[in-house]
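A look at the structure
Each chain is listed here by its residues.
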Amino acid sequence: MSGRSILAQRVAPLGTTVFSEFSALALQHGAVNLGQGFPDFDGPDAVKEAAHQAIVSGINQYAPSTGLKVLREAIAEHGARFHGHTGIDPDTMVTVTSGATEAILCVLLGLVDPGDEVVVFAPVYDSYDANIAFVGARARHIPLRPPDAAHPTWWFSPDEARAAFGPRTRLLLLNTPHNPTGKVFTREELAFLGTLCAEHDAYVLSDEVYEHIVFAPAWHVRAATVPELAGRTVTVSSGGKTFSLTGWKVGWIIAPPALRDAVQRAHQFVTFATASPLQAAMAVALRLPDAYFEGLRAQYHARRERLLAGLARAGLSAQAPEGSYFLLADISQKGLGDDLAFCRHLVTRVGVAAIPPSVFYPPEHKHLGRGLARFAFCKSDAVLDEAARRLEAGLR
Ligand code: PMP
Ligand code: GLN
């Protein structure tokens, strides 16, 4: 054997994802898992029944690579119905992918060359930086800053944003609502970012998987509907969060035809197509009545309040997130070390799993995550209450 490492250089720096690590620790220590974001309740019966019917009725062979037509049509309708995203041609502007995760990789594969730069907000959802590295590009980070006296929500400095763009910028990778801060980007912020993209002739990937989990007064703005971004944006979403079906991994991209074509070229050789019966059922899901989507939002609002109250009883303060099913709690006063030490203590000794946010930051911004812990509230009331009880007993 040669002395060469088994690992290719592109995977050598990557460890196990923090989500798998903390879910395994939670299992091992019998902890309540508020770490990895997956609901402990199931998606709507009508959607599960539609998947069953699709399998029984024989929708079991490869779908067209771009996706079942019925789902592409439902994606176009849904965009117009909820986000004013009109004019989506299901045939030329949509590709169905195996989750948003595959979609993000295919956008990068389709649009970004080695040596290009990708601008992304820190903290960064963990697959982004790995995927940027896979295509040989370089990430340039804009730090998101926590709320303070002058800013009621997470914010960024326009100067720091401008400084992240340069002659090599190819793509801005956005995430709204944002994991893990819960920030929902405003129309003004998106328009400003759009002018920077226009100045640098950059494209935009907008990851909107939490598009239906947004709490008033915040309001989800689909980036592709902002005039400054419209012609240059690839929207990425999936049904995992909206329908509490994270295990289905049905996602999609929506983009102007030339951009869709670039992504489709990658997708056809990454997975070719996504599970056919689940696509058929996802079309049913996207056409559920408004009451479903309103109910989802109301339930998550109640869960958010429940977890915030539980954390407060345990002496942990947290800003209410504007969107997503995560919140960041301030752990800096607890005297249990940084976020990694705190989260290890929590899962092994207190019996609650949370995620240490410093893993979402690049080295130069890691300090911004050290005093925080991310808790997921996509859990049933009994589980949130048990977590709160343990936190109160273990941290007070
Ligand atoms: N983007 C963000 C911001 C996420 O939090 C997640 C969570 N799973 C994903 C993408 C991946 O979505 P999917 O499960 O559809 O691949
Ligand atoms: N998006 C989920 C989270 O942030 C994790 C998904 C995964 O494990 N890849 O918790």
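In the block above lies the structure referred to throughout.
Note that this is a predicted model, so its numbers are computed, not measured.

1. Some words on the sheet that holds strand 4 (residues 138–143)
Read from one edge to the other, the open sheet built from seven strands follows the order 2-8-7-6-5-3-4, with strand pairing classed as mixed. The open sheet is flanked by strand 2 (94–97) and strand 4, the only strands paired with a single partner. The average undirected angle you get between the axes of adjacent strands in this sheet is 20°. The sheet contact formed by strand 2 and strand 8 (residues 251–254) spans four bridges and is antiparallel. Paired with Val94 across the bridge in strand 8 is Ile254. Packed onto the sheet, helix 3 (residues 69–83) meets strand 2 and strand 8 and runs at close to 115° relative to strand 2. Relative to the sheet, helix 4 (residues 99–111) contacts strand 2, strand 3 (117–122), strand 5 (169–175), strand 6 (203–207), strand 7 (233–238) and strand 8, its axis offset from that of strand 7 by approximately 160°.

2. Points about the nonpolar core
It is characteristic of soluble globular proteins that their nonpolar side chains tend to be buried jointly. By size, the foremost hydrophobic cluster in this structure holds 96 residues, and its most contacted members are Phe121, Leu172, Leu174, Leu346, Phe375 and Leu391. The biggest single contributor to this core is helix 4, with seven residues. Setting aside chain neighbours within four positions, we find Leu174 in contact with Phe121, Tyr128, Phe185, Leu190, Leu193, Val204, Leu205, Ser206, Asp207 and Ala223. Membership of the second largest hydrophobic core comes to 25 residues, among which are Leu245, Ala281, Ala285 and Leu286.

3. So, the sheet that holds strand 10 (residues 326–330)
Spatially, three strands are ordered 9-10-12 in an open sheet, and the strand pairing comes out antiparallel. Since the sheet does not close on itself, it has two edges, and those belong to strand 9 (317–318) and strand 12 (372–376), each with one partner. In this sheet, strand 10 lies alongside strand 9 in antiparallel orientation, the contact comprising two bridges. Among the inter-strand pairings, Ser317 is bridged to a residue of strand 10, identified as Asp330.

4. Some words on the environment of Trp248
Mapped onto the secondary structure, Trp248 falls in the loop between strand 7 and strand 8. A residue is classified by how much of its surface remains accessible, and Trp248, at 18% relative accessible area, is buried. Separated by 30 residues in the primary sequence, Trp248 and Leu278 have C-alpha atoms spaced 7.0 Å apart. Here Trp248 is in contact with Val47, Ala51, Leu278, Ala281 and Met282, once residues within four sequence places are set aside.

5. Describing the site of ligand 2
Around ligand 2 sit Phe19, Gln36, Gly37, Tyr125, Asn179, Tyr210, Lys241, Phe326 and Arg374, and that is every residue in its neighbourhood. Between ligand 2 and the protein, one listed contact pairs an oxygen atom with a side-chain N or O atom of Gln36 at 2.7 Å. Between ligand 2 and Arg374, the relevant distance is 2.7 Å, taken from an oxygen atom to a side-chain nitrogen or oxygen of the residue. Of the residues assigned to the shell around ligand 2, the class counts are four nonpolar, three polar and two charged.

6. So, a nonpolar patch on the surface
On the surface, Ile6, Leu7, Val11, Leu14 and Phe134 cluster together into a nonpolar patch covering about 470 Å² of accessible area. Accessibility expressed as a relative area gives 32% for Phe134, which makes it partly exposed.

7. Quick word on the site of ligand 1
Of all residues adjacent to ligand 1, which total 13 residues, the nearest are Thr101, Asp207, Tyr210, Lys241 and Lys249. Residue Asp207 places a side-chain N or O atom 2.5 Å away from a nitrogen atom belonging to ligand 1. Here an oxygen atom of ligand 1 and a side-chain polar atom of Lys249 are 2.7 Å apart. In isolation ligand 1 has 390 Å² of accessible area, and contact with the protein removes 92% of it. When residues of the shell around ligand 1 are assigned to their parent elements, the largest contribution, three residues, is made by helix 4. Here the shell around ligand 1 is built from residues that sort into five nonpolar, five polar and three charged.

8. Here we look at the pattern of salt bridges
Proximity of charged atoms lets side chains of opposite charge pair with each other. In the structure shown here, the tally under the stated rule is 24 salt bridges. Across the pair Arg81 and Asp290 runs a salt bridge, and its minimum N-O distance is 2.8 Å. Of this pair, Arg81 sits in helix 3 while Asp290 is found in helix 10 (residues 290–313), placing the two residues 209 residues apart along the sequence. Relative accessible area serves as the criterion here: at 40%, Asp290 is assigned to the partly exposed category. Each of Lys69, Arg72, Glu73 and Asp91 takes part in one network of salt bridges that share partners.

9. Some details on the packing of aromatic side chains
Applying the stated criterion across every chain, the model contains 19 aromatic pairs. Aromatic pair Phe19 and Phe360: ring centres 6.0 Å apart, planes at 40°, arrangement tilted. On the criterion of sequence distance, the pair formed by Phe19 in helix 1 (residues 18–28) and Phe360 in the loop between strand 11 (352–353) and strand 12 is long-range, its members being 341 residues apart. Just as Phe19 is buried, Phe360 falls in that class too.

Definitions and cut-offs
- Residues numbered from 1 in each chain as written.
- Chains lettered and ligands numbered in written order.
- Predicted model: local features only at pLDDT ≥ 70, side-chain atom pairs only at ≥ 80, totals over all residues.
- Heavy atoms only, no water.
- Pairing = 2+ DSSP bridges.
- Helix = DSSP H or I, 4+ residues; strand = E, 2+ residues; numbered from the N terminus.
- Axes fitted to C-alpha atoms, helices over the stretch in contact; angles between N-to-C directions.
- Contact = heavy atoms within 4.5 Å.
- Core = buried A, V, L, I, M, F, W, Y, C linked by side-chain atoms within 4.5 Å.
- Buried < 20%, exposed > 50% of the residue type's maximum accessible area, 1.4 Å probe, protein only.
- Near = heavy atom within 4 Å.
- Polar contact = N/O pair within 3.5 Å; in protein donor to acceptor, adjacent residues only side chain to side chain.
- Nonpolar A, V, L, I, M, F, W, Y, C, P; charged D, E, K, R; others polar.
- Patch = residues over 30% accessible without salt bridge, like charges linked within 9 Å, V, L, I, M, F, W, Y side chains within 5 Å.
- Areas by Shrake-Rupley, 256 points an atom, 1.4 Å probe, with all protein chains shown as cover.
- Salt bridge = Lys/Arg side-chain N within 4 Å of Asp/Glu carboxyl O.
- Phe/Tyr/Trp six-rings, centres within 6.5 Å; stacked < 30°, edge-to-face > 60°.

Interpretation note: all reported values are geometric properties and have no functional meaning in isolation.
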